[in-house]
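Per-entry structural report
The chain contents come next:
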Amino acid sequence: MDANRLEWERLVDAAVRIKQLAPWEWMQEDEVFGIRHPESGEIGFVSVMGILGQHPAVAVYMGPRALAEFLDLHQAPPDVLNEYPEYLLEIPQLQASFEDRADLENWDRQLLRNLNRKFRGRKAWPRFQSFRPGFMPWQLEPEEVRFLTLVLEQLEDVAPRLHKNQRLLIGKEPGTFLLRSCRQGAVSTGGWEDRYENLPAPEHPPVPVAWDPDDVKRLKRAVAKREVIELDLFMFPGPIGGKGQRPQAGYILLAVHAPSNLVFGVETLFINESLEQMLGLVPGVILSKLADPGLRPKEIHVQSSRLVGVLEAAFEGLGTKIVLKPSLKKLRTAKREMLAHFAKGPLY
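Now for a description of the structure that goes with this document.

Thresholds applied
Residues numbered from 1 in each chain as written. Predicted model: local features only at pLDDT ≥ 70, side-chain atom pairs only at ≥ 80, totals over all residues. Heavy atoms only, no water. Helix = DSSP H or I, 4+ residues; strand = E, 2+ residues; numbered from the N terminus. Buried < 20%, exposed > 50% of the residue type's maximum accessible area, 1.4 Å probe, protein only. Contact = heavy atoms within 4.5 Å. Areas by Shrake-Rupley, 256 points an atom, 1.4 Å probe, with all protein chains shown as cover. Phe/Tyr/Trp six-rings, centres within 6.5 Å; stacked < 30°, edge-to-face > 60°. Lys NZ or Arg CZ within 6 Å of the ring centre and 35° of its normal. Pairing = 2+ DSSP bridges. Axes fitted to C-alpha atoms, helices over the stretch in contact; angles between N-to-C directions. Core = buried A, V, L, I, M, F, W, Y, C linked by side-chain atoms within 4.5 Å. Salt bridge = Lys/Arg side-chain N within 4 Å of Asp/Glu carboxyl O.

1. A few points about the overall build of the protein
Of regular secondary structure, the protein possesses 10 helices and 12 strands. Buried residues in the protein amount to 50% of all 348 residues. Across the protein, contacts joining residues at least 24 apart in sequence account for 64% of those joining residues at least 6 apart. For the protein, the accessible area works out to roughly 17900 Å², and carbon and sulfur atoms hold 51% of it.

2. Here we look at the packing of aromatic side chains
Taken as a whole and assessed by the stated rule, the structure comprises 7 aromatic pairs. Centre to centre, the rings of W24 and F98 are 5.7 Å apart; their planes meet at 50°, and the pair counts as tilted. Taken together, the residues span a long stretch of sequence, with W24 in the loop between helix 1 (5–21) and strand 1 (33–36) and F98 in strand 4 (residues 93–99) at a distance of 74 residues. The exposure class of W24 is buried, given its relative accessible area of 9%. Their ring planes at 65° and their centres at 4.8 Å tell us that W107 and W138 sit as a pair that is edge-to-face. Here W138 lies in the loop between strand 5 (125–131) and helix 6 (142–164) and W107 lies in helix 5 (residues 106–114), a separation of 31 residues in the sequence. With relative accessibility at 13%, the residue W138 sits in the buried group. Geometry around W125 places R101 over its ring, the cationic atom sitting 5.5 Å from the centre.

3. Considerations on the sheet that holds strand 12 (residues 321–324)
Taken together, the 5 strands give an open sheet; going across it, the order is 10-9-8-11-12, and neighbouring strands pair in mixed fashion. Looking along the sheet, the strands with just one partner apiece sit at the ends: strand 10 (262–270) and strand 12. Strand-to-strand, the axes of this sheet are offset by a mean angle of 25°, without reference to chain direction. In the sheet, strand 8 (residues 228–235) pairs with strand 9 (residues 250–257) via 7 bridges, with the strands oriented antiparallel. Considered in strand 9, the bridge of E230 is made with V256. Of the strands in this sheet, strand 8, strand 11 (299–302) and strand 12 are in contact with helix 9 (residues 305–315), which crosses strand 12 at around 170°.

4. Considering the sheet that holds strand 1
Spatially, the 7 strands line up as an open sheet ordered 5-4-3-2-1-6-7, and their pairing is mixed. The sheet is open, and its two borders are formed by strand 5 and strand 7 (192–198), each paired with just one other strand. In this sheet, adjacent strand axes meet at a mean angle of 25° when their direction is disregarded. In this fold helix 2 (residues 64–75) packs onto strand 2 (43–49) and strand 3 (57–62), with an angle of close to 125° to the strand it touches most, strand 3.

5. Re the pairing of strand 4
When you tally the buried positions in strand 4, you get 7 out of 7 residues, the bulk of the element. What you see with strand 4 is no split at all: Q93, Q95, S97 and E99 on one side and L94, A96 and F98 on the other are buried throughout. Of the pairings in the sheet, the one linking strand 3 to strand 4 comprises 5 bridges and is antiparallel in character. Note that in strand 4 the partner of V58 across the bridge is A96. Alignment of strand 4 against strand 5, held across 7 bridges, turns out to be antiparallel. Among the inter-strand pairings, Q95 is bridged to a residue of strand 5, identified as Q129.

6. Things to note about the side chain of E144
Mapped onto the fold, E144 is located in helix 6. Setting aside residues up to four positions removed in sequence, E144 forms contacts with L94, S130, R132, Q139 and R246.

7. A word on the nonpolar core
Judged by nonpolar contacts, the single largest core of 43 residues is most densely connected at F128 and L148. Broken down by element, the residue count for this core peaks at 10 residues, all from helix 6. Counting 35 residues, the second largest nonpolar core, distinct from the first, contains I229, L295, V302 and A314.

8. A few points about the environment of V145
Looking at the element boundaries, V145 is found in helix 6. Among the residues examined, V145 registers a relative accessible area of 0% and is labelled buried. Separated by 134 residues in sequence, V145 and L11 place their C-alpha atoms 6.9 Å apart.

9. Some details on the pattern of salt bridges
Overall, the coordinates contain 27 salt bridges when judged by the stated rule. Among the ionic pairs, E7 bridges to R146, the shortest N-O distance being 2.9 Å. Here the residue E7 occupies a position in helix 1, and R146 occupies one in helix 6, the gap between them amounting to 139 residues. R146 sits in the partly exposed class, given a relative accessible area of 32%. With a shortest N-O distance of 2.8 Å, E153 and R10 are connected by a salt bridge. Taken together, the residues E153 in helix 6 and R10 in helix 1 connect sequence positions 143 residues apart.

Here it is, written out as C-alpha cells:
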C-alpha cells in the first residue's frame, strides 16, 4: 500500500517547519537522541547535520548497530570517508535533507508537483531518502514515510529544549540517553514523553568467511615469492538495475601486483543477504585468482581494516601476511583510472 496524499503532506509540512526552525544552527551531528517506533518498538537515533552550513539534513539511524557505525565514522579521519563514501551509504537510515532543485531526483520533483508545493532558493527543496546496505539511496516506502514524519515532529519538540538545556540528551544515571517514547495507543493524541534509558548494545554478526580448500592446497605446492599484492574493496560509483526498482550497489574487488604495477584481478561483488555475507566471499575470490597462476605472495597489503580480519584466517596456513597500510599509492592509481573509465558509461 502506497503512502497516501495526507501522509506525504504531513511529512512535507514537518520538513518545512524543521527548515524554518533550523536546528543545525545549534545541534552537532553527534548530539543524538532516540525515538521508539510506536508499533514495532524499534529505536531510531536522530542526528542533525549542517552546523557548518554545508548540507542541512536530518537522519534517523535505524537501530543501535546503525548508530554505532555512524559514530565510528564520525570519529574516523576525514580521508576514510573521502576514500570510501559508501561507508555512509551502508548505514541503514532515513533522511530528510534540503537541496538545490537541480539535485533532486525525478521522483522528488514529481512528489512536490503532485502536492502542489513550490520552493525557492538554494538548499530549500525537501528531499526524502531511504538508505539500505547494498543499495543506492531510494524513495521512501509507506512505513518509512510515517516513521520519518514522527522523527521530524519529535525533533521539533526536542531541538528548542536542547537549545535551552545542553544536558537534555543525557540522563542522571550514567550511560543513559534521551529516548522519546509514545504511550501505548496515544500516537494520534500526541502522547509522547521523555525517557532516559541505557543505550542498547549493538549486535555485530560474524563474517561467514569461505574459500575452496583445493585453492589453498594448490598454493601450498607453489613456491613462495617475495612479492606483494595490493588489495581493496570499494563501491562501484553508480546504480545497477532496472528503471523503477531500488538500484543495487556493486562492489569492486581490485588486486594489483605491486612489483609490476599491473592489475592482477578484478571481481564484482554484491550484497545479496548482508554486508557480512559479501565480505565473507573475499578470501575465496582472491585465493582462486592466486591459485590459477600459482602466485603465493609474501604479503597482501590492504588499506581498509574490514579486509584484515576476513583475509587473515584464509592465508594463515600459507605464510602470507596481511598488512594494513594507511595508503596504497599503486592501488589508488589503478582505482582512479578504473573509476574514470566507469564514469564514461554504465557497468550493466
